[in-house]
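Chain residues, written in single-letter form:
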Amino acid sequence: MSNKFIPHTPDDISRMMEAVGIRSLDELYGDIPAEVIFNRDYLIPSEMSEVEIRRHFDELASKNHSLKVFAGGGVYDHYAPSVIPHLLSRSEFYTAYTPYQPEISQGTLQYIFEYQSIICELTGMEVTNASMYDGATATAEAMFMMVASAKKRNRVLLSATLRENVAEVVKTYAKFRGIDISVVPERDGVTDLDALKAELAKDDVAGVILPQPNKYGIIEDLSGVAEAVHAAKAQLALHADPSTLAVLKTPAEWGADIACGDGQSLGMPMQFGGPYLGFIATGKGNIRKIPGRVVGATKDADGKRAFVLTLQAREQHIRREKATSNICSNQSLMSLYATIYVALMGKQGMVEVNALSADGASYLHDKLLATGLFEEAFPGKPFLKEFALKSSLDAPALEKHLAERGFMGGIPMADGLFVFAVTEKRSREEIDAFVNSIVDFAK
């Protein structure tokens with residue numbers, strides 16, 4: 001068949017309208033205010049040759065302005081090897097949906113299995129699922145897991161140093177599940193551990209969610225935290241940047257029960273906000289609480305290695321009231337992206353990405369301080385590729401100034417804070433030009 005879909009005939013449309021009790025298609029939108037309805041022609045040509053349509057889209061693309069990125073906030077401009085898009089489109093991997101039929105989905109099941117292996121190695125955890133929508137919703141799912149494990153406890157603690165967008169998503173999910181959220185305050189840019197222990201002493205906490213690194217880019221010292229959380233009969237979840245786990249202490253080494261976060265830092269383009277990849281990993285004790293599905297390796301009837309969906313603890317497959325989550329899909333294509341990226345980079349490549357990013361961040365940090373326009377926000381606190389400084393500069397005006405000169409600047413926060421990020425893509429020359437642009441703005 002040449003058509004990818006079967007269009008409705010006028011008779012089909014007429015019978016559908018009769019069935020729903022309307023006389024025209026316009027009545028479907030009768031409750032939408034007239035002033036918000038688009039009544040002009042779309043700027044879409046009716047017919048073009050292949051050459052013309054390519055030229056047309058090139059002209060549209062030329063209206064976009066590519067900026068050199070010095071912002072982070074959970075989304076980082078890491079380099080992606082050019083081979084990734086080519087491997088993504090191979091027929092044994094590329095799929096429209098979930099691999100329900102293992103006999104025809106071995107390619108998809110295999111790369112999900114490899115993805116799970118990679119996430120487990122990065123986090124130090126024993127099991128992970130077949131991927132989530134994004135880091136924020138994966139963190140919300142971690143909250144559900146902790147509450148489900150705690151049974152009669154219904155309160156979860158969030159650190160104030162968790163990224164605001166992640167915290168807001170978690171709070172939204174919690175509201176509609178009747179879960180109580182308490183925020184542990186920060187002190188000097190890190191989680192106030194004395195305040196955390198005071199909350200745990202109330203003996204009603206199901207779980208604790210902490211970031212690593214945090215929203216200021218600080219690598220928090222979590223020594224003794226897991227022990228305190230477990231002594232209070234609660235679980236600990238760490239929201240982590242998976243790229244940094246190639247060099248930082250893993251969530252498992254910190255004693256966490258759950259690791260979660262966004263896989264965008266594994267080479268994924270920033271793409272105006274997505275699609276990205278959420279990950280969630282845990283120990284074997286939580287395996288029946290993990291959302292989504294788990295792919296396992298086995299042998300077929302001929303004794304050959306094969307892959308299958310081993311566990312599907314979601315409401316489509318078990319009784320709704322027994323399900324931890326109602327996640328009904330997975331970011332399979334993006335998990336393939338992450339798998340190819342990590343396989344191409346290898347252990348040494350992942351270490352080098354972080355080393356180059358750390359060198360660049362330290363260089364920018366020192367250069368900005370040398371201008372006299374910034375001062376330390378959290379002196380002595382360790383960081384990797386992202387850091388916060390304090391300044392009295394006009395944030396909106398500075399942002400506009402930098403964009404006009406080809407830069408995406410630091411992220412402004414409350415109390416005059418700016419958070420900057422540097423990845424391996426930024427050269428010394430670009431960093432110098434960025435700093436000079438800020439100095440020009442201040443003149």
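Note: the structure precedes this text.
The numbers attached to residues start from 1 for each chain and follow its sequence in the written order. Local features are withheld for residues below a pLDDT of 70 in this predicted model, meaning they are given only at 70 or higher, and side-chain atom pairs are given and counted only at 80 or more; totals for whole chains, interfaces and linings count all residues. Based on all heavy atoms of the structure, the side-chain values leave hydrogens and waters out of the count.

## Let's talk about the pairing of strand β8 (residues 235-240)
In step 1: Among the 6 residues that make up β8, 6 are buried, leaving the element largely enclosed by the rest of the structure.
In step 2: Partly exposed describes any residue whose relative accessible area lies between the buried limit of under 20% and the exposed limit of over 50%, with all areas from a 1.4 Å probe on protein chains only and scaled to the type maximum. In this description a helix means any DSSP run of H or I spanning at least four residues, a strand means any run of E spanning at least two, and both kinds are numbered starting from the N terminus. Covered by surrounding structure in β8 are Gln235, Ala237 and His239 together with Leu236, Leu238 and Ala240, the residues of both alternating faces.
In step 3: Note: β8 against strand β9 (residues 258-262), 3 bridges, orientation parallel. The partner of alanine 237 across the bridge, within β9, is isoleucine 258. In short, DSSP must find at least two bridges between two strands for them to pair.

## Regarding the pattern of salt bridges
In step 1: Salt-bridge detection follows one rule: a side-chain nitrogen of Lys or Arg within 4 Å of a carboxyl oxygen of Asp or Glu. By the definition in use, this model includes 23 salt bridges.
In step 2: With a closest N to O distance of 3.0 Å, aspartate 77 and lysine 425 form a salt bridge. Here aspartate 77, found in the loop between β1 (68-69) and α3 (83-88), pairs with lysine 425, found in the loop between β17 (417-421) and α12 (428-442); they are 348 residues apart in sequence, far enough to count as distant.
In step 3: Looking at aspartate 77, the relative accessible area reads 12%, which means it is buried.
In step 4: Lysine 425 gets classed as partly exposed once you look at its relative accessible area, which sits at 33%.
In step 5: Glutamate 404 is the partner of lysine 400 in a salt bridge, and the nearest nitrogen-oxygen pair spans 3.9 Å. With lysine 400 and glutamate 404 both in helix α11 (residues 395-404) and 4 residues apart, the pair spans about one turn of that helix.
In step 6: Owing to a relative accessible area of 57%, lysine 400 belongs among the exposed residues under this scheme.

## Structural notes on the environment of arginine 90
In step 1: Mapped onto the elements, arginine 90 comes out in the loop between α3 and α4 (106-123).
In step 2: Take arginine 90: its relative accessible area is 42%, and that puts it in the partly exposed class.
In step 3: Sequence separation of arginine 90 and alanine 71 is 19 residues, and the distance between their C-alpha atoms is 33 Å.

## Overview of the sheet that holds strand β16 (residues 411-412)
In step 1: One open sheet accounts for 4 strands, arranged β13-β14-β17-β16; its pairing is antiparallel. The sheet is open, and its two borders are formed by β13 (375-376) and β16, each paired with just one other strand.
In step 2: Pairing analysis gives 2 bridges linking β16 to β17, with the strands arranged antiparallel. Bridge assignment links proline 412 to a residue of β17, and that residue is phenylalanine 418.
In step 3: Should any heavy atoms of two residues lie within 4.5 Å, those residues are considered in contact. Geometry is summarised by axes, namely lines fitted to C-alpha atoms with helices restricted to the contacting stretch, and by angles between N-to-C directions that run from 0 to 180 degrees. In this fold helix α10 (residues 332-370) packs onto β13, β14 (386-390) and β17, with an angle of close to 10° to the strand it touches most, β14.

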